[in-house]
Amino acid sequence: MYWLAHIEGGPRRVNHTAVAIGDFIYSFGGYCSNEDYRSLNTIDVHVLNTQNLRWSQVPQRKNEHGLLLQYPEVPFQRYGHTSVAYEHKVYMWGGRNDETGCNILFCFDTLTLRWSKPEVTGDIPGVRDGHSACIIDHFMYIFGGFEEEINQFSCDVHKLNLKTMHWSYIRTTGQPPSYRDFHTATILNDRMYIFGGRGDTHSPYHSQEEIYCSQIVYLDLRTREWIHPNITGAVPIGRRSHSAFVYKNLLYIFGGYNGINDQHFNDLYCFDPEKNRWSMIATRGIVPKPRRRQVCLVIDKRLYLFGGTSPSENNTMRGGHGQKLFDYSDTHVLDFEPNLKTMCLMSVIENDLDQSYLPFDIRWEIRNMTHANNISRPLNNTG
């Protein structure tokens with residue numbers, strides 16, 4: 001696996017959410033330290049074209065009077081929310097700003113670039129953030145998070161039928177994962193795998209005595225039973241605000257943060273659901289800096305990582321343990337299966353080898369790859 005590109009100049013966002021539809025990645029909200037997150041300003045939407053690695057921002061819509069649409073017609077800027085892609089639409093739920101939480105379902109149409117607010121029925125989950133959402137068939141599953149109204153962590157499962165817009169509370173059997181937020185939930189083979197997150201020794205209450213579980217647990221979506229498999233291999237340390245993604249029926253996690261050790265990560269682990277075995281993955285290229293609350297999405301054979309935050313001595317940002325944190329605006333690309341040509345070109349770049357003997361078209365490609373690893377590209381607001 002090869003980290004091919006490191007590009008600056010994207011949206012500076014932390015605790016945002018994003019989905020991939022076709023060759024485009026749509027990113028919603030999140031925060032940037034030192035900005036105002038008490039008002040109900042409209043959420044921002046950024047789009048990455050993965051063919052040319054350029055970001056653009058979707059213009060905000062206006063009403064018939066020429067005024068910008070406001071909440072609740074459109075969602076307010078938030079963090080700790082989730083989004084899933086279903087056909088050409090994105091369904092966003094939950095999250096909060098510094099003052100207000102939300103449990104209204106919003107829909108973003110990637111063809112019209114417009115928001116809508118579908119009417120829902122059923123047992124709507126309570127306001128929360130730090131939950132997870134994943135999709136299988138036409139169902140969106142919500143797990144965990146921190147519930148605002150009761151001031152407690154959750155370990156509940158809810159399901160939204162995206163065809164009927166009906167919410168259901170899922171009654172499960174077996175021992176559920178402990179109460180937590182900022183974990184990941186990943187669908188593999190009719191199973192929802194839960195890993196990581198932040199809990200509390202006095203869960204479901206939040207007493208500031210954090211715990212970080214390294215046990216992976218899955219919900220069999222056919223039987224609705226929680227299973228705790230026997231795990232082998234190099235088990236990653238417990239963490240929160242990491243990323244999880246699937247490639248070729250294997251589950252990967254990247255980065256995250258352990259509050260007990262006060263440690264950020266930039267490691268990459270792979271979990272094999274057939275063998276119930278973890279392994280640590282070594283990659284080549286320019287590895288992203290340790291961080292948490294970033295986004296990772298897979299398109300074809302490549303992973304796209306952007307945003308997040310980690311400690312910095314020179315920037316005053318939000319953080320725990322008296323830390324100063326720096327919010328990233330970078331974008332990284334990991335090639336899961338680089339071909340021989342790509343590996344040779346990257347070797348030339350990494351070792352600063354003589355290029356004069358190479359054909360012009362190869363030298364031009366090397367120039368572009370070097371350019372992609374160093375250039376700062378501003379947002380193109382015109383799209």
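Counting from 1, residues in each chain are numbered in the order their sequence is written. pLDDT decides what is reported in this predicted model: residues at 70 or higher carry local features, side-chain atom pairs at 80 or more are listed and counted, and totals for whole chains, interfaces and linings draw on all residues regardless. The side-chain quantities take in all heavy atoms of the structure and omit both hydrogens and water.

### Points about the packing of aromatic side chains
Okay, so step 1: Paired rings are identified among Phe, Tyr and Trp, the last through its six-membered ring, by centres lying within 6.5 Å, and are further divided according to the angle between planes into stacked (under 30 degrees), edge-to-face (over 60) and tilted (the rest). Under the defined criterion, the tally for this structure stands at 24 aromatic pairs.
Okay, so step 2: Geometrically, the ring pair formed by Tyr31 and Tyr37 is edge-to-face, given 6.4 Å between the ring centres and 70° between the ring planes. Both residues of the pair, Tyr31 and Tyr37, count as buried.
Okay, so step 3: Positioned above the aromatic ring of Phe76, the side-chain terminus of Arg78 is 4.3 Å from the ring centre. Accessibility here uses a 1.4 Å probe with only protein chains present; expressed as a share of the type maximum, an area under 20% marks a residue as buried, one over 50% as exposed, and anything in between as partly exposed. We call a charge positioned over a ring when the NZ of a Lys or the CZ of an Arg lies within 6 Å of the ring centre and within 35 degrees of the ring normal.

### Describing the sheet that holds strand β25 (residues 243-247)
Okay, so step 1: Two strands qualify as a pair provided that DSSP identifies no fewer than 2 bridges between them. Runs of H or I in DSSP of at least four residues are treated as helices and runs of E of at least two as strands, each being numbered from the N terminus. Overall, mixed pairing links the 5 strands, which are arranged β24-β28-β27-β26-β25 in an open sheet. Unpaired on one side and paired on the other, β24 (232-233) and β25 mark the two borders of the sheet.

### Topic: the sheet that holds strand β14 (residues 146-147)
Okay, so step 1: Judged by pairing direction, the sheet is antiparallel, and its 3 strands sit side by side in the order β11-β14-β15 without closing on themselves. In this open sheet, the two strands that pair with only one neighbour each are β11 (128-129) and β15 (152-153).

### Some thoughts on the confidence of the model for the chain
Okay, so step 1: The predicted model of the chain averages 90 in pLDDT, with 86% of residues at 70 or higher.
Okay, so step 2: Think of pLDDT as the predictor's per-residue confidence, scored from 0 to 100. Throughout, a contact is declared for two residues whenever any of their heavy atoms are within 4.5 Å. When the criterion is pLDDT under 50, residues 315-321 qualifies, and its contacts beyond four places in sequence or with other chains add up to 23 contacts.

### Things to note about the pairing of strand β3 (residues 24-28)
Okay, so step 1: Buried residues dominate β3, accounting for 4 of its 5 residues.
Okay, so step 2: Sheet analysis places strand β2 (residues 17-21) next to β3, joined by 5 bridges and oriented antiparallel. Within β3, the position partnered with Ala20 by the bridge is Ile25.
Okay, so step 3: Once β2 ends, the chain turns through 2 residues before running back antiparallel as β3, passing Gly22 with a positive phi of about 65°.
Okay, so step 4: In this sheet, strand β4 (residues 45-49) lies alongside β3 in antiparallel orientation, the contact comprising 5 bridges. From the neighbouring strand, Phe28 faces β4, where its bridge partner is Val45.

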